[in-house]
Amino acid sequence: MTHPFLDLAPLSAARFASIEDRVARLLRTEQDVVIMQGEALLPLEGAIRGTAGPGTTALNVITGPYGRTFGDWLRDCGATVVDLAVPYRTAVTAEQVREAFAEHPEIDFVSLVHAEAATGNTNPVAEIGEVVRERGALFYLDAVASVGAEPVLPDAWGVDLCVIGAQKAMGGPAGVSAVSVSERAWARMAANPRAPRRSYLSLLDWKERWTDAGRRALPHAPAQLEMLALEACLERIESAGAEVVMARHRSAAAATRAGVRALGGGLEPYVYDDREAAPVATTLRTPPHITASDLVARALETDPSLPLAAGGGALAEEMIRVNHYGPAATRETIDACLTALSTALTPRTDLPAAHEATATAWH
């Protein structure tokens, strides 16, 4: 008995390396790219544990739940952590980062999430990168949600550790992820006695056994199906054109925000400023008398496949996420989500006006 997912020829080292090269082209980077065999939390944690230790003073920017997680990892590594938290409805500014450096000139590591799919904001990485470069700090970026929805340019922005995952805007698999690593970041890891070694979290193991060895022999059996899915995902983006894929996500965000404002019923964009809204997903604030998780449950009764979800944790009370990423970044999906939300909100909405607004906003 055969099956398309089984009895495949082994994935060669050359093919594995070629997929890394395609990721590097997507990021327009000359840095080393390592594809790690797990969900993006693997390189996110591995990069922090590889570069941070008791001598590190880290500026940890918090614009959503992942920033809090990074702060926990940094403290667990023994780093001194300066948290810069802003309301989830906004983005951090380069000036706020500059002020943090002025108050704590000893900062030598900055951790930032590019786009927060959980809260719907996106941060100005290029401007922040200029500040970080001026101070000579190592720059760590979570671009898991943003890649594919907006530009991610580690070299141009001075990012030393840029982690991506394919499961959101890229429309690919969740089981593999990648990180681009600058020479400065490799040197920081090599000098860190606490950097993981002989460990699933170890980037240095990949460097020594794979990258520095010429990428001729894989260190262990790869996650074959996930790697093939990542290759197919990259091929689809290359075929359509990365700019086309990103434009589709921008249109989905603009149409969702315009449609919600026209719909009424008390819903409004959670992130106030359109310039701070992430193209990967749009978050909505529910009226005070309506619980977001209940509203989503009612909306999904019309179509359980719609990319609607309540916010996580306490945000389940007031936030709805429209996850218009990957294959869901279409006008048809946005209109279907608005129709379901209108039905769940009862007759106090203007659905024709919402659909007209999405049509106007879609570019």
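Within every chain, residues take consecutive numbers counted from 1 along the sequence as written. Whole-chain, interface and lining totals are the exception, using all residues; otherwise, since this is a predicted model, local features are given only for residues with pLDDT of at least 70 and side-chain atom pairs are given and counted only at 80 or more. To obtain the side-chain values, all non-hydrogen atoms of the structure were included, while hydrogens and water were left out.

Peer 1: Tell me about the environment of R285, residues and numbers included.
Peer 2: Inspection of the secondary structure assignment puts R285 in strand β11 (residues 282-285). Buried means the residue's accessible area, taken with a 1.4 Å probe over protein chains only, is under 20% of the maximum for its type, while exposed means over 50%, and partly exposed covers the values in between. Note on R285: relative accessible area 16%, which makes it buried. When the C-alpha atoms of R285 and S180 are compared, they prove to be 35 Å apart, with 105 residues separating the residues in sequence. Contacts are assigned to residue pairs that have any heavy atoms within 4.5 Å of one another. Beyond its immediate sequence surroundings of up to four residues, R285 is in contact with R89, G266, L267, E268, P269, Y270, Y272 and E318. Here the side chain of R285 touches E318 through a polar contact of 3.3 Å, side chain to side chain. What counts as a helix is a DSSP run of H or I of at least four residues, what counts as a strand is a run of E of at least two, and both are numbered from the N terminus. Here a polar contact is taken to be a pair of N or O atoms separated by no more than 3.5 Å, where protein atoms must pair a possible hydrogen donor with a possible acceptor and residues adjacent in sequence count only if both atoms sit in side chains.

Peer 1: Give a detailed account of the sheet that holds strand β12 (residues 308-310), specifying residues and quantitative values.
Peer 2: Strands are labelled as partners when DSSP assigns at least two bridges between them. Strand order across the open sheet formed by four strands is β10-β11-β13-β12, with antiparallel pairing between neighbours. Looking along the sheet, the strands with just one partner apiece sit at the ends: β10 (268-269) and β12. As judged from the two bridges shared by β10 and β11, these two strands associate in the antiparallel manner. Bridge assignment links P269 to a residue of β11, and that residue is L284. In this analysis, axes come from line fits to C-alpha atoms, helices being fitted only over the stretch in contact, and the angle between any two N-to-C directions falls in the range 0 to 180 degrees. Across the face of the sheet, helix α11 (residues 292-300) comes into contact with β12 and β13 (319-322) while running at roughly 155 degrees to β12.

Peer 1: Can you lay out helix α12 (residues 331-345) for me, pointing to particular residues and giving the numbers?
Peer 2: The span expected for a helix works out to 1.5 Å for each residue beyond the first. Taking 1.5 Å as the rise per residue, α12 with 15 residues should run 21 Å; its terminal C-alpha atoms sit 21 Å apart, in good agreement. Those residues of α12 that fall on the buried side of the exposure criterion are T333, I334, D335, C337, L338, A340, L341, S342, A344 and L345. On its buried side, α12 packs onto α10 (242-263), β11, α11, β12, β13 and α13 (351-361).

Peer 1: Residue-level account of the packing of α11 against α12, with values.
Peer 2: Where α11 meets α12, the closest approach of the two axes is 8 Å, and the angle between their N-to-C directions is 115 degrees. Of the possible angle classes, the one that applies to α11 and α12 is roughly perpendicular. In terms of crossing hand, the pair formed by α11 and α12 is right-handed. Contact residues: L295, R298 and A299 in α11; A340, L341, A344 and L345 in α12. Any angle that falls under 35 degrees is termed roughly parallel, while one over 145 is termed roughly antiparallel, one within 65 to 115 roughly perpendicular, and all others oblique. For any pair of crossing helices, the crossing counts as left-handed if the nearer helix is rotated counterclockwise from the farther one by less than a right angle, and right-handed if it is rotated clockwise.

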